[in-house]
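These are the residues of each chain, in order.
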Amino acid sequence: MSGIRPTGFLHLGNYFGALRNYVKMQEEYPCFFMVADLHSLTTHPDTKELKLNVQRVLSENIACGLDPDKVALYCQSHVRETSELYLYLNMMAYKGELEKTTTFKDKVRQHPDNVNAGLLTYPVLQAADIILHRASLVPVGKDQEQHLEMARNFANRFNHRYGDVFPEPQAFNYGSELVKVPSLDGTGKMSKSENQYATIYLSDTDEMIRKKVMKAKTDAGPTEPGTPMPDYIENIFMLMKLVSEADVISKFQEDYDQCRIRYGDLKKQLAEDMVRFITPVREKADAIRNDEKYLKDVMELGAEKAGKSARATMELVRQAIGLNYF
Ligand code: AMP
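What counts and what doesn't
Residues numbered from 1 in each chain as written. Predicted model: local features only at pLDDT ≥ 70, side-chain atom pairs only at ≥ 80, totals over all residues. Heavy atoms only, no water. Near = heavy atom within 4 Å. Polar contact = N/O pair within 3.5 Å; in protein donor to acceptor, adjacent residues only side chain to side chain. Areas by Shrake-Rupley, 256 points an atom, 1.4 Å probe, with all protein chains shown as cover. Helix = DSSP H or I, 4+ residues; strand = E, 2+ residues; numbered from the N terminus. Pairing = 2+ DSSP bridges. Axes fitted to C-alpha atoms, helices over the stretch in contact; angles between N-to-C directions. Contact = heavy atoms within 4.5 Å. Buried < 20%, exposed > 50% of the residue type's maximum accessible area, 1.4 Å probe, protein only. Core = buried A, V, L, I, M, F, W, Y, C linked by side-chain atoms within 4.5 Å. Domains from an automatic or database assignment.

### Re the site of the ligand
Line of reasoning, step 1. Neighbouring the ligand are 18 residues; Arg5, Gly141, Asp143, Val181 and Lys192 lie closest to it.
Line of reasoning, step 2. Within the side chain of Asn14, a nitrogen or oxygen atom sits 3.0 Å from an oxygen atom of the ligand.
Line of reasoning, step 3. Here a nitrogen atom of the ligand sits 2.9 Å away from a polar atom, N or O, in the main chain of Met190.
Line of reasoning, step 4. If the ligand stood free it would expose 480 Å²; the protein chains cover 95% of that surface.
Line of reasoning, step 5. Of all the secondary structure elements, the ones that give two or more residues to the shell around the ligand are strand E1 (2-4) and helix H1 (12-25).
Line of reasoning, step 6. Per-element accounting of the shell around the ligand gives the leading share, four residues, to H1.

### Quick notes on the sheet that holds E1
In a beta sheet, neighbouring strands are held together by backbone hydrogen bonds and run either parallel or antiparallel to one another.
Line of reasoning, step 1. Taking strand neighbours across the sheet as the criterion, the three strands line up as E1-E2-E3 in an open arrangement whose pairing is parallel. Strand pairing shows two members of the sheet lacking a second neighbour, E1 and strand E3 (72-75), which therefore form its edges. Sheet twist, expressed as the average angle between the axes of neighbouring strands with direction ignored, equals 20 degrees.
Line of reasoning, step 2. In the sheet, E1 pairs with strand E2 (residues 32-35) via three bridges, with the strands oriented parallel. In the sheet register, Ile4 faces E2, and the bridge partner there is Val35.
Line of reasoning, step 3. Packed on one face of the sheet, helix H14 (residues 292-321) meets E2 and E3 and runs near 100 degrees to E3.

### Quick word on unusual backbone geometry
Excluding glycine, a negative phi dihedral is what most residues carry, and trans is how most peptide bonds are arranged.
Line of reasoning, step 1. If you check the backbone angles, Arg134 has positive phi at about 50 degrees while not being a glycine.
Line of reasoning, step 2. By the secondary structure assignment, Arg134 is in the loop between helix H8 (122-131) and strand E4 (137-139).
Line of reasoning, step 3. A residue is classified by how much of its surface remains accessible, and Arg134, at 40% relative accessible area, is partly exposed.
Line of reasoning, step 4. Positive phi is not limited to glycine here, since Cys259 has a value of about 60 degrees.
Line of reasoning, step 5. The topology assignment puts Cys259 in the loop between helix H12 (246-257) and helix H13 (263-289).
Line of reasoning, step 6. The class for Cys259 is partly exposed, based on a relative accessible area of 23%.

### Quick look at the nonpolar core
The nonpolar side chains of a soluble globular protein tend to be buried with one another.
Line of reasoning, step 1. The biggest cluster of nonpolar side chains holds 59 residues, and the ones touching the most others in it are Leu12, Ile200 and Met274.
Line of reasoning, step 2. Examining the composition of this core, we find that 10 residues originate from one element, H13, more than from any other.
Line of reasoning, step 3. The two domains that each donate at least three residues to this core are domain 1 (2-172 + 292-321) and domain 2 (196-285).
Line of reasoning, step 4. Apart from the residues within four sequence positions on either side, Met274 is in contact with Leu12, Ile200, Ile209, Val213, Leu239 and Val243.
Line of reasoning, step 5. With 39 residues, the next largest nonpolar core counts Phe32, Val138, Phe166 and Ala310 among its residues.

Put into structure tokens, the structure is as follows:
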């Protein structure tokens, strides 16, 4: 089970941190993937663009390879049981632990005028999303590690208080560790909301991809063998590992070690490899986005599958709590 907020265009961080795993998992597990539209309300109170954003995220998910017939692909707000479970979990979530959450502290810094209770209880809603399907594997990027730990705590607390209903959810990734895709400016991660020029979107045109990659920070290059790579160069290599062939990467690595690397060539190669990777996804997503009828069918089918699973869990939850009076 996992989700992505419809707060902007999807980028390479979303793809390599989350979506790539979704696509692989759908072949091996029963899966629930959702567009987290309720979560987006915590920071985007203006909902005029919501419908378009939801359609866009759905299209991009499908263009990346998610198959709505194999998984439950749905909108969070279409499964009302989420809100009910969120309410119960809120009574087991403490102000102190919520205020300590890194993402909450970041959001308070970014939106000092909109520190609402939904923002504070964001990880509780996320826990509700996950355990609503009694999910145990949650494919997410590294930035979600703390939220997953909280989801585990809430699930365990519920089990302790009311009896075993939920398995312990774990952050999941097919590689050995969770992924953090760095931004092109060498400061932090690619993100929907920060520095648009340092983030490569799945919807970027070829021209835009080239422009962004060529702007990535470099320097004059190493002058002595054995010089450690600065973070911003390491980031470029890390991005290359996502989209370029192994022999291409080793060639540039060797050039770096021998102090003959030309960063212009490195970036040109990276740009072309990114264009090759993104173009088919962008074209497919554009075609899907224009098919409203198809997207409506996808959402209906997803809501039906997710609703069925949610209703079964909520029966157990109400029974465990003691809310079954007749
Ligand atoms: P969000 O865009 O915050 O709704 O995140 C959706 C999914 O993408 C989550 O699983 C995140 O962990 C993942 N994600 C977002 N940005 C990155 C990044 N730069 N690197 C790796 N994963 C990311």
